[in-house]
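Summary of structural features
These are the residues of each chain, in order.
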Amino acid sequence: MTEISESVGHFKGLYADAEDRLPGARVAWVAKRRQAAMSRFAELGLPAPRDEEWKYTSLKPIEKRAFALPEAGDHGVTAADVAPFVFEEPAAHRLVFVDGAYRPDLSQAAELPAGVTAMPLSEALAEGSETLSHHLGRYADPEGTPFVALNTALMSDGVFLHVPAGVSMAAPVHLLFMASTEADERLMSYRNVLVAEEGASATVLESYVGLGEGAYLTNAVTEAVAPAGADLTVYKLQEEAETAYHIAAFEAYQGGASQVAHHNISLGARLARNDVGDALDAEGAHVTLNGLYLGDGRQHVDNHTRIDHLQANATSSEYYKGILDGRARGVFNGKVVVQPQAQGTDSDQQNRNLLLSRNAEVDPKPELEIFADDVSCTHGATIGQLDDNALFFLQTRGMSFAEARSLLIFGFANEIIERIAVEPVRARLEERLLHRLPHTEAMED
Amino acid sequence: MLSIKNLHASVEDSEILKGIDLEVGDGEVHAIMGPNGSGKSTLAGVLAGRDGYTIGEGSVTFDGQDLLAMEPQQRSCEGLFLAFQYPVEIPGVSNIYLLKSAVNAVRKYRGEEELDAMDLVSFIKEKMKLTNMDDKLLYRSVNEGFSGGEKKRNEMLQMAVLEPKLAILDETDSGLDIDALKIVADAVNRLRDANRSFILITHYQRLLDYIVPDQVHVLYNGQIAKSGDASLPQELEKTGYAWLTGADQAGAEAVQGQ
């Protein structure tokens, strides 16, 4: 208990010190929301183990540390550091952030369709954008969970994307969040607000990259709205330093016949927690949640997803896969709530886990709450090991045991990668994945 | 090519192969028949190097080398191929990727230059003509959602691209309709030459209506109970395996199959 209040006190202190220089400090609505969120965070405190939502994930390592907000400066990050993480094709609209702040010198604007806004959140906050004011905190409730509250109080940057009605963005927006080698014991609070108007479409790629070995904390929130006929795809690739803590929330809200797809790839961080939520609030809306989490060593990766079927005849499909090696621990909690009026709901959730070591562990938990009677809701969760017969089969086709093992692991993961529609993004993820898997050098070419 | 001498093998504590002697010469096709539980699949597994068997007495030499001392991938690279009774599905790994990896693994082992992507694809497509397989299946995950016939064609395609010295077909004919059976038979007949040998393991004689073997062996209770030429299956069709067990000749249909 004392530890919790100590950490709350610490974060309150951080906020009090930075309040005047956080983006939008001079904009009344921004300041007011930050304050309200900070008060809410102070009430809630960090989640405790007794909190059912945090049953398997201990925040002790975060409570123990006195995170500071990053100082201004270039933190030694140059274009050469960015190069390995960018896409050449198609020309993405790239916004780069280093240790919590937007870096125009590392970013690259693409030609955007008329009327599209894709600007750093810090600028939108400073301008006091009315559209932003309307949407910020509407989908990710600033008073909902401790980390969203903390993020709302301390958000320093991210993207504000606004796509007007009927506009389709060809090039993806690439958000590259980099933690420098100076990020140790720093707290980065990124907030992304993705607003598609009716019939608009956009693709956003969020990558989180750690350049050093620091024990930093990223607390990121992305909120998105896809009203009638809108189509929004978000790829999140998390490659934080293996000493880092990564806490992220994605909250989307959907209208009639809209499409949202969220692909959540978690490779890095000592502790990673993703809360992915989607509300289907009109007929014909569809959400796809795909996830892939890799853990090795002592990594801990926790994915909590929640799909709310609020209206009739909406559909959801969810496919999360985990690969755990070493002493890694995985958590998957997939909640699907079907409200009484949501007749004709069609929902499928699958979670498959591959354990590569005796000491790896995973806790899969599907959670269905169905209050309507005319629905089709299926779910499945499996934990397995590599198939001996398949290993033997590949050996009889000339591969060594190590090659066969890697190929099977890759195949397991690739089922999620294959669902990525943007070719360069898929290729990049494939390459990252191969890089991350044991004994896969041979497959990279 | 292959010389099996007094081979004994057990699974856990139970002996399955109880002294097999078999000589397969270059370019010969041998059929091994026998009732369920006679040890046919164990023999295939032992030859290909599957885990879980304890080899007792006996030896197997393959082209003069000690086969049993080799890892499964080494046996494959040395030219031994096993077509699986139940082809394995590998979600997330495309068929073309598997074939490329297999071809290059073998080339690398043999000290040949690995083929680049373009050459590999044309090499594989050339071999596909042999099995009449739909191009689309190359880009699907290995055997995932394939019909029984497509899976067997895929095994035959793997055999064709690996160009083995000795191919063992472990009940490749089981569960196949007559058209698929002809495809398997056709692939074997077209790959059959003066140097390449085959061991066809089958419960039924119908595969042998399409592939004429040089020798036929009946395996029973872990031993070769009878050997003969291509006329042996016809004989078995009349008598069944009952003569082996000493029971009545009621089992004729067991050999004829469906």
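Predicted, not measured: the structure shown is a model, and the values here were computed from it.

1. A closer look at the overall build of chain A
Across its full length, chain A carries ten helices and 19 strands. Taken over C-alpha atoms, the radius of gyration comes to 21 Å for chain A, in line with the 22 Å a tight globule of 445 residues would show. Expressed as lengths along the three principal axes of its C-alpha atoms, the size of chain A is roughly 70 × 50 × 50 Å. Here chain A, with 445 residues, has 53% of them falling under the buried criterion.

2. A word on the sheet that holds strand β11 (residues 197-202) of chain B
All names here are of chain B. Spatial strand order, β7-β10-β11-β3-β12-β13: six strands in an open sheet with mixed pairing. In this open sheet, the two strands that pair with only one neighbour each are β7 (80-83) and β13 (223-228). Across the sheet, the mean angle from the axis of one strand to that of its neighbour is 20°, orientation sign disregarded. Across five bridges, the pairing between strand β12 (residues 215-220) and β13 is antiparallel. In the strand pairing of β13, Val 216 is matched with Gly 228.

3. Some points on the interface of chain A and chain B
At the interface, 19 residues of chain A touch 21 residues of chain B. Elements with a minimum of two residues in the side of chain A that touches chain B: α8 (388-396) and α9 (401-417) of chain A. A per-element tally of the side of chain A that touches chain B places α9 of chain A first, with eight residues. Of the residues that constitute the side of chain A that touches chain B, the class distribution is nine nonpolar, seven polar and three charged.

4. Details of the domain arrangement of chain A
All names here are of chain A. Segmentation of chain A into domains returns domain 1 (2-282) and domain 2 (387-445). Its C-alpha centre places domain 1 at a distance of 31 Å from the equivalent point of domain 2. Contacts between the two partners involve twelve residues from domain 1 and, on the opposite side, eight residues from domain 2. No other element matches the three residues that strand β9 (residues 231-239) contributes to the side of domain 1 that touches domain 2. Residues of the side of domain 1 that touches domain 2, tallied by class, amount to eight nonpolar, two polar and two charged.

Cut-off values and rules
Residues numbered from 1 in each chain as written. Chains lettered and ligands numbered in written order. Predicted model: local features only at pLDDT ≥ 70, side-chain atom pairs only at ≥ 80, totals over all residues. Helix = DSSP H or I, 4+ residues; strand = E, 2+ residues; numbered from the N terminus. Rg over C-alpha atoms; globule rule 2.2 N^0.38 Å. Buried ≥ 20, exposed ≤ 12 C-beta atoms within 10 Å, placed from the backbone. Pairing = 2+ DSSP bridges. Axes fitted to C-alpha atoms, helices over the stretch in contact; angles between N-to-C directions. Contact = placed C-beta atoms within 7 Å. Nonpolar A, V, L, I, M, F, W, Y, C, P; charged D, E, K, R; others polar. Domains from an automatic or database assignment.

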